[in-house]
Amino acid sequence: MASKSAAELLSVPGPDGDREVRLTSADKVYFPERGITKGELVRYYRAVAEPLLRALHERPTNLKRYPDGVEGEAFFAKRLPKGAPPYVETARVTFPSGRTADSLCPTEQAVLVWAANMGTFDFHPWPVRRADTDRPDELRIDLDPQPGTDFADAVAVAGVLREVLDEAGLVGWPKTSGGRGVHVFCRIRPEWDFIAVRHAVIAIARRVADRLPEKATVAWWKEERGERVFLDYNQAARDRTVASAWSVRGRPRATVSMPVTWEALPDVEPEDFDVRTVPGLLAEHGDAHAGMDDAAGGLETVLDWYTADERDRGLGDLPYPPEYPKMPGEPMRVQPSRAKAPAEGS
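Since the model is a prediction, treat every value here as computed from it, not as a measurement.

The rules we used
Residues numbered from 1 in each chain as written. Predicted model: local features only at pLDDT ≥ 70, side-chain atom pairs only at ≥ 80, totals over all residues. Heavy atoms only, no water. Helix = DSSP H or I, 4+ residues; strand = E, 2+ residues; numbered from the N terminus. Buried < 20%, exposed > 50% of the residue type's maximum accessible area, 1.4 Å probe, protein only. Areas by Shrake-Rupley, 256 points an atom, 1.4 Å probe, with all protein chains shown as cover. Lys, Arg positive; Asp, Glu negative; His and termini not counted. Charge placed at Lys NZ, Arg CZ, Asp CG, Glu CD. Phe/Tyr/Trp six-rings, centres within 6.5 Å; stacked < 30°, edge-to-face > 60°. Polar contact = N/O pair within 3.5 Å; in protein donor to acceptor, adjacent residues only side chain to side chain. Contact = heavy atoms within 4.5 Å. Pairing = 2+ DSSP bridges. Salt bridge = Lys/Arg side-chain N within 4 Å of Asp/Glu carboxyl O.

Asks: For this particular structure, what's the right way to read the overall build of the chain?
Replies: Broken down by element type, the chain carries seven helices and 14 strands. Across its three principal axes, the chain shows a C-alpha extent of roughly 75 × 40 × 40 Å. For the chain, buried positions account for 54% of its 346 residues. Carbon and sulfur atoms make up 49% of the accessible area of the chain, which totals about 15500 Å². A distance of 5 Å separates the average location of the 46 positive side-chain charges in the chain from that of its 55 negative side-chain charges.

Right under this line is the structure:
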């Protein structure tokens, strides 16, 4: 019977000098296909902690934890796990139901390494900062390839999305999702609530779909999407999150959601970015999203688009996810094939 590896202490830079973070069960295999251990995962997060903290700093953050590795059962921790060290801070968030929770709020690198030792693969930050958790400072667009489409299709749609963002006066920052998709984030001034930001994403997504009707769609119902890339506007709804840049995904190869430049995006292969390759790429090329905080824009133009769509085209709000309370102005939350036809003369 193999002996259990002893705990190690990892030194992590902190705001007041180095902190020591415990690494336990370092030899436990987390990704059997490649033999990647828990120790490798935790050391990966120590290697990318600086740019990852830039992405997560002061943001309420959900943890997607895989305590038994990629083949075990995963779960989301939306509240700070018990037993956290005293340097781990929290932020109070309000869910669509009105309930609240104290969520992990990273403020230093050691927090990220500690979370990785708890079996965290993905960090899922809210698009807000702790100072105002009701007004996002990040607009996110998730390009989700549907069956019959792939990463190359998402890249093609992302190219048109970039054009639309330029017209809106917004700067987009692309990254791989860690799978077949592409995520594009825009820093915005925290002056609008979640409903307005979601409306902004809908307006942007509609313009992309209008220009690429054969490749892109905003159809919420899967039966209407076809073999197109879905611009998932509901990722902008309150309490919906996507994996951060630098997050390890729960996939057999231990792929990473990697920030890239627009120029590099058409030539990258998502599978090239994983726990073993990304630290070297970071050391060689730096963080492609390092300048994001200096590029905050506004939503005035995009919200004018949304208003014009409603006034001139009869295009209002779109359905929310099923677990949300009914929202003002939302259309029927029933897929078209099951919707009853109106009675004659009604």
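Asks: Would you take a moment to explain the packing of aromatic side chains for this structure?
Replies: Here the distance between the centres and the angle between the planes together describe a pair of aromatic rings. Inspection of every chain in the model, using the stated rule, returns 11 aromatic pairs. Geometrically, the ring pair formed by Tyr44 and Tyr45 is edge-to-face, given 5.0 Å between the ring centres and 70° between the ring planes. Each member of the pair Tyr44 and Tyr45 is classed as buried. Ring geometry for Phe95 and Trp126: centres 6.4 Å apart, planes at 50°, overall tilted.

Asks: Would you mind showing me how to read the side chain of Arg187 here?
Replies: In this structure, Arg187 sits in strand E12 (residues 182–187). Looking at Arg187, its side chain comes within polar contact range of the side chain of Glu138, at 2.6 Å. At a separation of 2.8 Å, a polar atom in the side chain of Arg187 contacts the side chain of Asp293. Apart from residues no more than four positions distant in its own chain, Arg187 is found in contact with Arg59, Arg129, Asp137, Glu138, Val171, Met292, Asp293, Ala295, Ala296 and Gly297.

Asks: Would you mind going over the pairing of strand E5 (residues 61–65) with me for this structure?
Replies: The side chains of a regular strand alternate between both faces of the sheet. Judged by how many residues are buried, E5 sits mostly within the fold: four of five residues are covered. Bridge count between E5 and strand E9 (residues 120–125): five bridges; the pairing is antiparallel. Across the sheet, the residue bridging to Lys64 is Asp122, located in E9. Examined bridge by bridge, E5 and strand E6 (residues 75–77) share three bridges and lie antiparallel to one another. Along E6, the bridge assignment pairs Lys64 with Phe76.

Asks: Mind showing me how you'd approach the pattern of salt bridges here?
Replies: Should the charged atoms of two oppositely charged side chains come close, the side chains can pair. Counted by the stated rule, this structure contains 34 salt bridges. Taking the shortest distance from any N to any O, the salt bridge between Glu138 and Arg187 comes out at 2.6 Å. Taken together, the positions of Glu138 in strand E10 (residues 138–145) and Arg187 in strand E12 put the pair 49 residues apart, joining distant regions of the chain. Taking the shortest distance from any N to any O, the salt bridge between Arg162 and Glu263 comes out at 3.7 Å. Linking Arg162 in helix H4 (residues 151–168) with Glu263 in the loop between strand E14 (229–231) and helix H6 (278–285), this pair joins segments that are 101 residues apart in sequence. For Arg162, a relative accessible area of 33% puts it in the partly exposed group. Each member of the salt-bridge network shares a partner with another, and the members are Arg59, Arg129, Asp137, Glu138, Arg140, Arg187 and Asp293.

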